[in-house]
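What the coordinates show
Now for the letters of each chain:
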Amino acid sequence: MRKYENLTKVRENLSPQRAYYIPYDTAEKALKGDKNSSKYYKLLNGEWGFAYFERDIDVPEKITDWGKITVPSCWQSKGYDTPYYTNVNYPYPVNAPFVPDDNPCGVYAREFTVSKEEKKRNGFIVFEGVSSYFEVFINGKYVGSSEGSHLQSEFNIAKFLVEGENTITVKVVKWSAGSYLEDQDFFRFNGIFRDVYLLYRAKNNIGDIEITATTKEITVKGNLEFDVYDNGEKLEEKGKVKNPILWNAEKPYLYTVIVSNKDEFIPFKVGMREIEISDKGEFKINQKPIKLRGVNHHDTHPTKGWYLSDEDLEKDIKLMKYLNINCVRTSHYPKTPKFYELCDELGIYVVDETDIEIHGYCTRNSGWQYQMYNEEWPCQNAEWKDEFVSRCERMVERDKNHPCIIMWSLGNESGYGANHDAMIEYIRSRKLGVPVHFEGANLIEDKCDVDIRSKMYVDVSSLKDHAAVKDNRPFFLCEFSHSMGNGPGDVYDYFEEFYKYDNLIGGCIWEWADHTAIKNGVQCYGGDFGEQTDDGNFCADGMVFANRELKAGSMEVRAAYQGINTTLIGDVLTIYNRFDFTNLKEYTLNLEVVVDGKLVKKEEHIFDIAPHESLSYTLDLSCLPKECSLGAFLNVSLVGTSEIAMVQHVLEAERAKEEFIPEKLVYEKDNEKIYIKGENYSYTFNTHYGNFEKIVVDDKVLLDELIKLTVWRAPTDNDRRIKFKWGIFEDNLSAQNFNMLFSKVYSCDVLEKEIVVVGSLAGVARSPFMKQTLTFKIDKNGKILVNLKATIGEDIVYLPRLGFEFKIPKTAESFSYFGRGEMENYLDLCHHTKVGYYSSTAKKEYVPYIMPQEHGNHSSVRELKIGGLTFKGDFEFNVSNFTSEMLTHAMHTNELIEDKNTIVRVDYKVSGIGSNSCGPELINEYRVNEKTVDFEFTIDVNGKN
Ligand code: GAL
Ligand code: MG
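Residues numbered from 1 in each chain as written. Chains lettered and ligands numbered in written order. Predicted model: local features only at pLDDT ≥ 70, side-chain atom pairs only at ≥ 80, totals over all residues. Heavy atoms only, no water.

Digging into the pairing of strand E49 (residues 741–750)
In the sheet, E49 pairs with strand E50 (residues 755–763) via nine bridges, with the strands oriented antiparallel. Bridged to aspartate 749 within E50 is valine 756. As consecutive antiparallel partners, E49 and E50 are separated by four residues. (Pairing = 2+ DSSP bridges. Helix = DSSP H or I, 4+ residues; strand = E, 2+ residues; numbered from the N terminus.)

Shown next, in the form of structure tokens:
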């Protein structure tokens, strides 16, 4: 047995876990808190020597051939080894605690100087994150070892240091016993991927520091000397804060505590807050029930892997605040300390989760099986108890002083066993006032001592049942709204439910950012790196892209999480304040009445509405005309320094119906086509295929290919299950084969004033799923009226979409529309948009989802002007440079080839998006599920655009 396989030997000479802090040499410096100014702190980040070995047994006594590497980094991001993405399956046999015989090893080395003064002090070295097991040597002498990739390891190195030049060597192996506890769903990376630094401490230094900050006072455990500062001013009576300003995520007020023994000055930012769970199962901060508008955050970066710099983290958290997020679950391991400092300061509630996931135990015998209290599982095996409890202890002790932490979480997807009970017991014994969460508790129906009931991916309709359970613990969705690819589409519906029940305290979206790794300039995922087990693009499931650019799903989250909700009944607007601690009077509420895209009235209000309260306001709508053409809307927005919330309501104003007077059809014909000629236009209608195939206006070709009635869309990641009922992929038995569509024309009658086409649509090898009658009329200006009446078979699966596809010349790719914009939107993913006038181009409509898929739809559209054609009606549309076939088959963005035409869809309806990539099936009301369809729109060729 190798040392790193021996659970009793994996951590040697580790200092006991203490609270995270940086000691300073003066109170002034401590108060400022720039750790680089501390004489006692020396960051060892930077260039290190590096030698990589395929097998750890090949590491020689003396390495002569050194390369270079930057610390922190993952060695796979620096050209050694390759990234490996696997979700549940372990990347090696499940034979704990043993790992493969050939275990890669990276050896790191660098020099540093120790001054005379430093030598007199006690030197410590701190590693914030190393994957997986490592051994530390100073000046060639073994110091100790550690593991627990995302946890802190500190060693006392005083006795190894010499005045002058010193060498540190760190041997890191890829796998260790601990790797069995790190089977999270992510790219597997290795190396020293977080900060490494030295601390020169007093000989008799202050060890652990525990601060308690209630809503009344701030105290430090033990007999330690401390001062409390408010805004740089020392408080006279330490501890007792007069008129304290409490901490919450909306108003994150912090005091500074400096603990000192006159040699070291140790600052902490402290927030005064108390957490309580009420009898009703509410989650209360400072006596106020709150909702957690959360997200799961993994440390992921397309070129840096697991390493996120302080700036990267700050960017993430600021972006979260912009998206109205107030909570992060640190899925599924603790973050680097800077993360919690930022959450304290910027205001984010944190569910701090320790570095444990053993999901691959479910699949170790092939198939899928959770077994609770089962000896074969490490969570039940006594030999693993210390490994479990210490991972919990190392998180709790390191992070305990952060006001942002509102739950401790025991890890993820690890079954349930006695070692979980032991972890809970540990946390209970610490009496820190922070509730315990573990998603695995639901496997034993929450019959353990957790404070929160939690689940993942339950469907919206069952939330009410969870709310009704007779159990006064809150219910939390630790994961929901799986944001893979185009999505999530259902986050709004979840939150509407959460707000209805006191004990539904919200949840965390899965997940923050796409995990990708760049190869040859392309964003890649599982399977692109020759993995033996991989889960394809299941890692690209973020609500923001890997580079943190926003997508429609990001903005949909922003809308679902926003601080107001409004309803409009008649002329009464009710504004509900969804904030937990903010009065709406801190913002301006703008009301705009917009008719046919024109602003007709604007009001600005400052409404005094306390958190969770509402106010009704009667609008004066005398400005509304009796009739309009495109529609009238009330746009409500909440504005501070910028807009933070927006809702649009449809106002009651009759939309005048444009009269359509069909003309007698004048045409020539051959045995396949009829040629209709007007003043400045000519149309070719194909009677064999039952639709127009050419439109020429003023000698300009506006349409040169047959218009098709189709139902296919390139499956989104959220269609990854339903697509097997929709189209032919691996098996040819289960689907309606919508992607192999045959259009049949039974009859095409060219009558005096209309053309009537009776036909059907069927997938190859299937009976027709739809029978339709298409009627076409033309008025005296050449305007075409298209009417589709269809019946869809009773047992037919809901359609991806239903509508017409036009291929128009590429020169016509820029367009304008009146509908929902400007980002793409779908029936269930549209709360981030409002109906209005917008312009765009086919190129701008493209959304670079990691695996190409359906995108770029616009719903609630009344008008579209493109390439000389004006479409009017009530429809959805899509303009793209790519065919749905191209988008269906491309696996990476670089495989996409633009079509020679621009592809325009004018759709009756497009199915919503949902989050079925991991979550429940698409909510019924967002499916194209109707059995009869009546759809009408006009195409005007003489409108300007
Ligand atoms: C959950 C799991 C996450 C992630 C997600 C799918 O079951 O907790 O870690 O794997 O599924 O993306
Ligand atoms: Mg998992």
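Details of the coordination of the magnesium ion (ligand 2)
Note on the magnesium ion (ligand 2): its protein donors are Glu357 (OE), His359 (ND1) and Glu413 (OE). The metal-donor distances range over 2.1 to 2.2 Å. All donors of the magnesium ion (ligand 2) come from a single chain, and their spacing in sequence reads E-x1-H-x53-E. One end of the pair, histidine 359, is in the loop between strand E26 (349–353) and helix H5 (385–399); the other, glutamate 413, is in the loop between strand E27 (405–409) and helix H6 (418–430), and 54 residues separate them in sequence. The exposure class assigned to glutamate 413 is buried, which follows from its relative accessible area of 14%. (Donors = N, O, S within 2.8 Å, 3.2 Å for Na, K, Ca; no water. Buried < 20%, exposed > 50% of the residue type's maximum accessible area, 1.4 Å probe, protein only.)

Topic: the packing of aromatic side chains
The full count for this structure, using the stated rule, is 65 aromatic pairs. Each ring, one from tryptophan 48 and one from tyrosine 108, has its centre 6.4 Å from the other, and the planes form 80°; the classification is edge-to-face. In this pair, tryptophan 48 is assigned in strand E2 (residues 46–53) and tyrosine 108 in strand E5 (residues 105–114), connecting sequence segments 60 residues apart. Residue classification places tryptophan 48 among the buried residues on the basis of a relative accessible area of 1%. Sitting over the face of the ring of phenylalanine 529, lysine 519 holds its NZ or CZ atom 5.2 Å from the ring centroid. Positioned above the aromatic ring of phenylalanine 729, the side-chain terminus of lysine 723 is 4.6 Å from the ring centre. (Phe/Tyr/Trp six-rings, centres within 6.5 Å; stacked < 30°, edge-to-face > 60°. Lys NZ or Arg CZ within 6 Å of the ring centre and 35° of its normal.)

Quick word on helix H4 (residues 337–346)
Those residues of H4 that fall on the buried side of the exposure criterion are Pro337, Phe339, Tyr340, Leu342, Cys343 and Asp344. Turning to H4, the residues buried within the fold contact strand E20 (265–270), helix H3 (310–322), strand E25 (327–329), E26, H5 and E27. Looking at the residues trailing H4, positive phi occurs at glycine 347, about 95°. (Contact = heavy atoms within 4.5 Å.)

Some thoughts on the packing of H3 against H4
Viewed as axis vectors pointing N to C, H3 and H4 meet at an angle of 35°, and their least axial separation amounts to 10 Å. At the point where H3 passes H4, the crossing takes the right-handed sense. Only Lys338, Phe339, Leu342, Cys343 and Leu346 of H4 make contact with H3, whose side of the interface consists of Asp310, Leu313, Glu314, Ile317, Lys318 and Lys321. (Axes fitted to C-alpha atoms, helices over the stretch in contact; angles between N-to-C directions. Left-handed = near helix turned anticlockwise from the far one by under 90°.)

Notes on the nonpolar core
Ranked by internal contacts, the top residues of the largest apolar core, which has 107 residues, are Tyr349 and Trp512. Those residues in contact with tyrosine 349, other than ones at most four positions away along the chain, are Trp247, Asn248, Ala249, Ile285, Ile290, Leu292, Asn326, Cys327, Val328, Cys404, Ile406 and Phe581. Ranked by size, the runner-up nonpolar core spans 65 residues in total, among them Ile796, Tyr798, Phe806 and Leu922. (Core = buried A, V, L, I, M, F, W, Y, C linked by side-chain atoms within 4.5 Å.)

Considering the pattern of salt bridges
For the structure shown, the criterion picks out 68 salt bridges. Taking the shortest distance from any N to any O, the salt bridge between aspartate 449 and arginine 428 comes out at 2.7 Å. Taken together, the positions of aspartate 449 in the loop between strand E28 (436–437) and strand E29 (453–456) and arginine 428 in helix H6 put the pair 21 residues apart, joining distant regions of the chain. Within the structure, one salt-bridge network assembled from shared partners comprises Arg11, Glu147, Glu182, Asp386, Glu387, Arg391 and Arg394. (Salt bridge = Lys/Arg side-chain N within 4 Å of Asp/Glu carboxyl O.)

A closer look at a nonpolar patch on the surface
Taken together, the side chains of Met740, Phe742 and Val764 make up a nonpolar region of the molecular surface, amounting to roughly 260 Å² of accessible area. Mapped onto the elements of the fold, valine 764 is located in the loop between E50 and strand E51 (770–778). According to the relative accessible area criterion, valine 764 is partly exposed, its value standing at 30%. (Patch = residues over 30% accessible without salt bridge, like charges linked within 9 Å, V, L, I, M, F, W, Y side chains within 5 Å. Areas by Shrake-Rupley, 256 points an atom, 1.4 Å probe, with all protein chains shown as cover.)

Re the sheet that holds strand E41 (residues 643–651)
Pairing in this open sheet of four strands is antiparallel, and the strands run E37-E36-E40-E41 from one edge to the other. Unpaired on one side and paired on the other, strand E37 (598–605) and E41 mark the two borders of the sheet. Within this sheet the neighbouring strands show an average axis-to-axis angle of 15°, counted without direction. As judged from the eight bridges shared by strand E40 (residues 632–639) and E41, these two strands associate in the antiparallel manner. Bridging across to E41, serine 637 finds its partner in methionine 646.

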